[in-house]
Amino acid sequence: MTILDGKKVSNDIKNEIKAEVDKMKANDEKVPHLAAVIVGNDGASLTYVGSKVRACERVGFESTMVRLSNTTSEVELLDKIDELNNNDDIDGFIIQLPLPPQINTQKVLMAVDPNKDVDGFHPMNFGKMSLDMSTFIPATPFGILELLDRYEVETKGKHTVVIGRSHIVGRPMSILMGRKGFPGNSTVTLTHSHTKNITQITSQADIIISALGIPKFLKAEMVKDDVVIIDVGITRVPDDSEKGYYITGDVDFDAVSKKASFITPVPGGVGPMTIAMLLKNTLLAREQHRKHNR
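Quick caveat: nothing in here was measured; it's all calculated off a predicted structure.

(A) Geometry of unusual backbone geometry. At the junction of F182 and P183, the peptide bond is cis and its omega measures out at -10° in the coordinates. Secondary-structure assignment places P183 in the loop between α7 (170-176) and β6 (187-191).

(B) Spatial organisation of the pairing of strand β8 (residues 227-231). Of all the five residues making up β8, five are buried; the element is thus mostly covered by neighbouring parts of the structure. Across three bridges, β8 lies against strand β11 (residues 260-263) in parallel orientation. The residue bridging V227 from the neighbouring strand is A260, located in β11.

(C) Up close: the nonpolar core. Judged by nonpolar contacts, the single largest core of 48 residues is most densely connected at I17, F61, I144, M173, I209 and I230. The element that contributes the greatest number of residues to this core is helix α10 (residues 270-292), accounting for nine residues. Each residue touching I144, except ones within four places of it in the same chain, is listed here: V169, M173, I209, I230, V232 and V270. Judged by nonpolar contacts, the second largest core, of 15 residues, contains I198, I208, L218 and V251.

(D) View of the layout of surface pockets. Looking at the largest pocket, its volume works out to about 1,600 Å³. Along the walls of the largest pocket sit 49 residues, with A44, Y48, I234, G271 and T274 positioned nearest its centre. At the level of secondary structure, the elements contributing two or more residues to the lining of the largest pocket comprise α1 (6-26), α2 (43-59), β4 (92-95), α6 (139-150), β9 (235-238), β10 (245-248) and α10. Looking at the lining of the largest pocket, its residues break down into 25 nonpolar, 16 polar and eight charged. Of the pockets and cavities examined, the second largest pocket occupies roughly 380 Å³. Forming the walls of the second largest pocket are 20 residues, and the residues nearest its centre are S134, T135, F142, N281 and L284. When contributions to the lining of the second largest pocket are tallied by element, the ones reaching two or more residues are α1 and α10.

(E) Representation of the pattern of salt bridges within the structure. Tallying each qualifying case throughout the model produces 13 salt bridges. Taking the shortest distance from any N to any O, the salt bridge between K8 and D12 comes out at 2.7 Å. Separated by four residues within a single helix, K8 and D12 lie in helix α1, roughly one turn from each other. Take K8: its relative accessible area is 44%, and that puts it in the partly exposed class. Notably, a salt bridge pairs D91 with R286, separated by 2.7 Å at the nearest N-O pair. On the criterion of sequence distance, the pair formed by D91 in the loop between α3 (74-85) and β4 and R286 in helix α10 is long-range, its members being 195 residues apart. For the pair D91 and R286, a shared accessibility class is recorded, and that class is buried.

Rules behind the numbers
- Residues numbered from 1 in each chain as written.
- Predicted model: local features only at pLDDT ≥ 70, side-chain atom pairs only at ≥ 80, totals over all residues.
- Heavy atoms only, no water.
- Helix = DSSP H or I, 4+ residues; strand = E, 2+ residues; numbered from the N terminus.
- Buried < 20%, exposed > 50% of the residue type's maximum accessible area, 1.4 Å probe, protein only.
- Pairing = 2+ DSSP bridges.
- Core = buried A, V, L, I, M, F, W, Y, C linked by side-chain atoms within 4.5 Å.
- Contact = heavy atoms within 4.5 Å.
- 1 Å grid on protein atoms, 1.4 Å probe; cavity = no way out; pocket = protein on both sides within 12 Å on 5 of 7 lines; lining within 4 Å.
- Points joined across faces, edges and corners; volume = space filled by probe spheres on them.
- Nonpolar A, V, L, I, M, F, W, Y, C, P; charged D, E, K, R; others polar.
- Salt bridge = Lys/Arg side-chain N within 4 Å of Asp/Glu carboxyl O.

Here it is, written out as structure tokens:
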């Protein structure tokens, strides 16, 4: 059994990006600039954006954090997005989700310039991804592809089962694993909360990608020997420890890892990859803007 070590791979990617940025600096070129917009005071969101800012510092990117109050109106947020779209100094930006209830998330994501949408959430980028065109791939699915690639996990002709159909992970993963090329060329089954006989389906899978958010949902009896497990779930489960909780994924790791050929741990698997690939998308955006401005 091999651990798919997202912490190690994300560090490798950050080092590769830093080397690229160092070259840019040596040539007096503009370095990539990533902005993050956060509305309100959601603790998890603030932590996440903070780690993105630190990651930018580490690779030599410029970063801007735009903090707006919980009472920000949809119009005010759209004005801010318009400002970022038209700011040539910013190569890419993200809108940290969730947004407060007074704001229509779909409307906001639609307002982001697709050329700066380093989260890969804009319908134009999602459509290009679906058609195998070059575009920004959402960071978490992009990170999963990178893990499979760097550990040379065979995907061609394999049966991949995706659990969960969110627009951020499940849906894009089901498209990407079925595309031509590597990682891809697998036969994909997309399962969700209305899927009947899920154990029957997972027990036939060569690769399982679970993005459900239900702690320890996937049990050993639901998988076959030598399965490849990608656990995207991350949940705080209350306990009696000093912290008051422990973090676990969708997979019963201790039991399932005994049957798996490859498995991602939680934490330290898919999580660190997401930020690394966001940086990679920002580097790509900088490159595109440079070509466009020639």
